[in-house]
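Take a look at the letters that make up each chain.
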Amino acid sequence: MRRLGVRVPSLAPIFLLSAQRVCKLPLDELEIRVLKFVQENQLIPHGSRVLVALSGGVDSVCLLHILLNIKSKLQIKLLAAHLNHMIRPSAIHDEKFVIQLCKNLGVELYIERADVPKFCRENKIGIEEGARTLRYNFLEKVRKESSSDLIALAHNLNDLGETILHRIVRGTGLTGLVCMKPKDGVKVRPLLYISRSEIEDYARRKKLNYVEDESNYDVRYTRNFIRHRVLPILKEINPDLESSLKQLHFAANLLEKHLLKLIEKSRLIQFQDRVIFYINDLDEFEIVELLKYCTEKFNEPLNYRQIESISRLLSKSSFSVCVADKLWIKKGFQFISIERERNKISFVKLDDFKEYNFNGWIFKLSDRIESENYIALDKNKNFIRSRRPGDKIGKIKIKDLMINSRIPEFLRDEYPIICDDDKIVWIPYVYKCQVREVSGIFLSLIFDPYGCILKMSGLERRKRFERQ
């Protein structure tokens with residue numbers, strides 16, 4: 001297995017003792033709180049294999065001991081993993097400490113070294129970002145190779161507060177304040193709402209040894225600057241600052257849950273490099289939050305100026321705005337599309353019995369009917385094309401037909417128009433010519449990527465006509 005930096009034996013555990021030697025004493029007050037937190041938030045299901053990220057610092061050492069002492073209550077198996085970042089000479093001391101600690105506790109340990117400074121130079125990123133990337137990559141690799149179910153991280157209330165402040169300073173939306181979660185996929189944080197002072201008190205009560213990372217005091221790193229310079233000043237105003245930030249985090253979590261319900265309610269449709277959602281019953285705040293959610297999925301978060309600009313456009317029936325490299329936000333009727341620019345098919349000749357792909361719409365030409373949506377064709381020149389300037393059916397413009405059928409503007413230029421010898425015979429959800437089924441040639445619509453929203457448009461159209 002290829003790794004950055006010093007090679008260590010394969011990811012087999014450094015050692016494995018047959019039993020984990022933990023004293024069976026009454027649970028400590030903090031252990032009871034963590035157990036309750038884990039159970040109430042369903043962080044660790046019974047029978048799980050849990051991989052503890054073990055740096056050797058006070059937080060991760062306490063997390064390991066707490067989990068060992070409550071593991072019988074949870075019926076879980078514990079393992080540990082340590083990554084030597086090779087940023088400072090004393091890191092080898094941390095590595096040796098972790099090895100000895102796990103030997104004493106009888107915990108399986110997986111260990112690796114990674115040259116973080118080299119990785120950051122090669123990828124032109126900061127030390128903090130590079131260390132985090134390599135650490136999570138390592139933990140996920142060990143989780144899979146050790147058949148672990150979860151990764152336990154020792155983030156605490158102070159870490160949460162620092163992260164919230166960091167995001168506020170850089171600029172973030174309300175849901176961006178969620179940041180750390182008690183459970184995030186396979187990652188769990190049992191100590192998230194425990195303060196660092198409570199953790200240090202626990203270490204003193206239990207007489208636990210741990211290592212100090214001197215780089216944690218280097219204020220050249222943003223997080224350390226916030227921890228040692230910014231937080232002390234803010235705590236002069238509010239000594240219980242962490243609790244206040246916890247309340248803010250809780251409110252942001254509620255907002256995110258509301259957003260997830262909105263996503264379900266708005267019937268998000270994702271196809272290739274496009275996401276579409278329905279905005280009929282949403283207010284401006286909800287629309288903006290959905291837009292932020294969707295653009296972040298494209299790794300292109302919206303900034304404040306873009307949000308302000310888009311908010312002013314929402315009252316328009318249609319608009320088109322480029323918000324990043326080849327990423328567009330478009331509105332058509334009651335739909336909004338977030339999409340990447342891509343090449344579009346404009347013409348497909350129908351000459352053989354087979355399936356045809358026209359911008360994601362799948363049609364099948366056959367001697368029999370293959371779906372409910374179909375049309376019979378003559379034995380002439382049959383093809384599918386996109387719309388052209390001046391297109392008409394009789395005296396009616398195709399554009400007007402699409403508007404009346406409430407086809408969103410952002411779909412019209414790639415919409416399939418089926419022609420029989422230059423005569424338009426079928427535009428799905430818009431128009432169908434009555435053709436006698438005598439030729440034995442049928443074009444069936446097998447798959448429609450936007451059928452869901454087009455049916456919604458049709459329903460709205462029918463309701464509008466009923467009101468007239």
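Model, not experiment: these values are computed from the prediction.

## With respect to the overall build of the protein
Helices and strands together make up the secondary structure of the protein, namely 14 helices and 22 strands. Taking all 468 residues of the protein together, the buried fraction comes to 51%. A separation threshold of at least 6 residues defines the contact pool for the protein, and within that pool the share at least 24 residues apart is 72%. Working note: accessible area of the protein is about 24700 Å², and carbon and sulfur atoms make up 49% of it.

## Things to note about the pattern of salt bridges
In total, this model carries 28 salt bridges according to the counting rule given. Close ionic contact of R227 with D159 constitutes a salt bridge, the shortest N to O distance being 3.8 Å. One end of the pair, R227, is in helix α8 (residues 222–237); the other, D159, is in helix α6 (residues 157–170), with 68 residues separating them in the sequence. For E339, the salt bridge identified is with K330, shortest N-O distance 3.2 Å. The exposure class of K330 is buried, given its relative accessible area of 19%. What emerges from the salt-bridge pattern is a single network uniting D59, D159, E162, R196 and R227.

## Brief notes about the sheet that holds strand β11 (residues 335–340)
Read from one edge to the other, the open sheet built from five strands follows the order β7-β8-β11-β10-β9, with strand pairing classed as antiparallel. Every other strand in the sheet has two partners, leaving β7 (269–271) and β9 (318–324) as the edge strands with one partner each. Averaged over all pairs of adjacent strands, the angle between strand axes in this sheet comes to 15 degrees, irrespective of strand direction. Across three bridges, β7 lies against strand β8 (residues 274–278) in antiparallel orientation. By the bridge assignment for β8, F271 is matched with R274. Its contacts with the sheet put helix α11 (residues 304–313) on β9 and β10 (327–332), and the angle it makes with β9 is roughly 175 degrees.

## Some details on helix α5 (residues 127–145)
Taking 1.5 Å as the rise per residue, α5 with 19 residues should run 27 Å; its terminal C-alpha atoms sit 27 Å apart, in good agreement. Turning to α5, its buried residues number three or more, namely G130, A131, L134, F138, L139, V142 and R143. Check the buried side of α5 and you find it contacts β1 (49–53), β2 (77–84), β3 (108–113), α4 (116–123) and β4 (150–152). Following α5 by one or two positions, S147 has its phi on the positive side, about 60 degrees.

## Quick word on the side chain of H85
As for its position among the elements, H85 is in the loop between β2 and α3 (91–105). Residue class for H85 comes out buried when judged on its relative accessible area of 19%. For H85, the side chain forms a polar contact with the side chain of R135, separated by 3.3 Å. With residues near it in sequence (within four places) discarded, H85 still touches A114, D115, V116, P117, A131 and R135.

## Quick look at the side chain of E339
As for its position among the elements, E339 is in strand β11. Of note is the side chain of E339, whose polar atom sits 3.2 Å from the side chain of K330. At 2.5 Å, the side chain of E339 and the side chain of S337 are in polar contact.

## Quick word on the sheet that holds β3
Pairing is mixed in the open sheet, where six strands are placed in the order β3-β2-β1-β4-β6-β5. The sheet is open, and its two borders are formed by β3 and β5 (183–184), each paired with just one other strand. Here β1 runs beside β4; their pairing, made up of three bridges, is parallel. In the sheet register, V50 faces β4, and the bridge partner there is L150.

## So, unusual backbone geometry
Despite not being glycine, K326 has its phi angle at roughly 60 degrees, a positive value. Summarising the element assignment, K326 is placed in the loop between β9 and β10. Classification of K326 by relative accessible area gives partly exposed; the value is 47%. For R406, which is not a glycine, the phi torsion comes out positive at approximately 55 degrees. Mapped onto the elements of the fold, R406 is located in the loop between α12 (398–404) and α13 (409–412). Among the residues examined, R406 registers a relative accessible area of 11% and is labelled buried.

## Let's talk about the nonpolar core
Counting 58 residues, the largest nonpolar core has V34, I44, L54, L67 and L160 as its most contacted members. The leading source of residues in this core is helix α2 (residues 58–74), at ten residues. Apart from the residues within four sequence positions on either side, L160 is in contact with C179, M180, L192, Y193 and H249. One finds F271, W361, I441 and Y450 within the second-largest nonpolar core, a separate group that totals 39 residues.

## Section: the packing of aromatic side chains
Taken as a whole and assessed by the stated rule, the structure comprises nine aromatic pairs. Ring geometry for F37 versus Y193: centroids 5.6 Å apart, planes at 70 degrees, classification edge-to-face. Pair noted here: F37 is in helix α1 (residues 29–40) and Y193 is in the loop between β6 (187–188) and α7 (196–205), with a separation of 156 residues, a long-range link. This pair shows no difference in class: F37 is buried, exactly as Y193 is. Each residue in the set F271, F447 and Y450 is aromatic and connected to the rest through ring pairs, giving one cluster. In this structure, K432 packs its charged tip against the face of Y374, placed 5.4 Å from the ring centre.

The rules we used
Residues numbered from 1 in each chain as written. Predicted model: local features only at pLDDT ≥ 70, side-chain atom pairs only at ≥ 80, totals over all residues. Heavy atoms only, no water. Helix = DSSP H or I, 4+ residues; strand = E, 2+ residues; numbered from the N terminus. Buried < 20%, exposed > 50% of the residue type's maximum accessible area, 1.4 Å probe, protein only. Contact = heavy atoms within 4.5 Å. Areas by Shrake-Rupley, 256 points an atom, 1.4 Å probe, with all protein chains shown as cover. Salt bridge = Lys/Arg side-chain N within 4 Å of Asp/Glu carboxyl O. Pairing = 2+ DSSP bridges. Axes fitted to C-alpha atoms, helices over the stretch in contact; angles between N-to-C directions. Expected span 1.5 Å × (residues − 1). Polar contact = N/O pair within 3.5 Å; in protein donor to acceptor, adjacent residues only side chain to side chain. Core = buried A, V, L, I, M, F, W, Y, C linked by side-chain atoms within 4.5 Å. Phe/Tyr/Trp six-rings, centres within 6.5 Å; stacked < 30°, edge-to-face > 60°. Lys NZ or Arg CZ within 6 Å of the ring centre and 35° of its normal.

On their own, these measurements won't tell you what the molecule is for.
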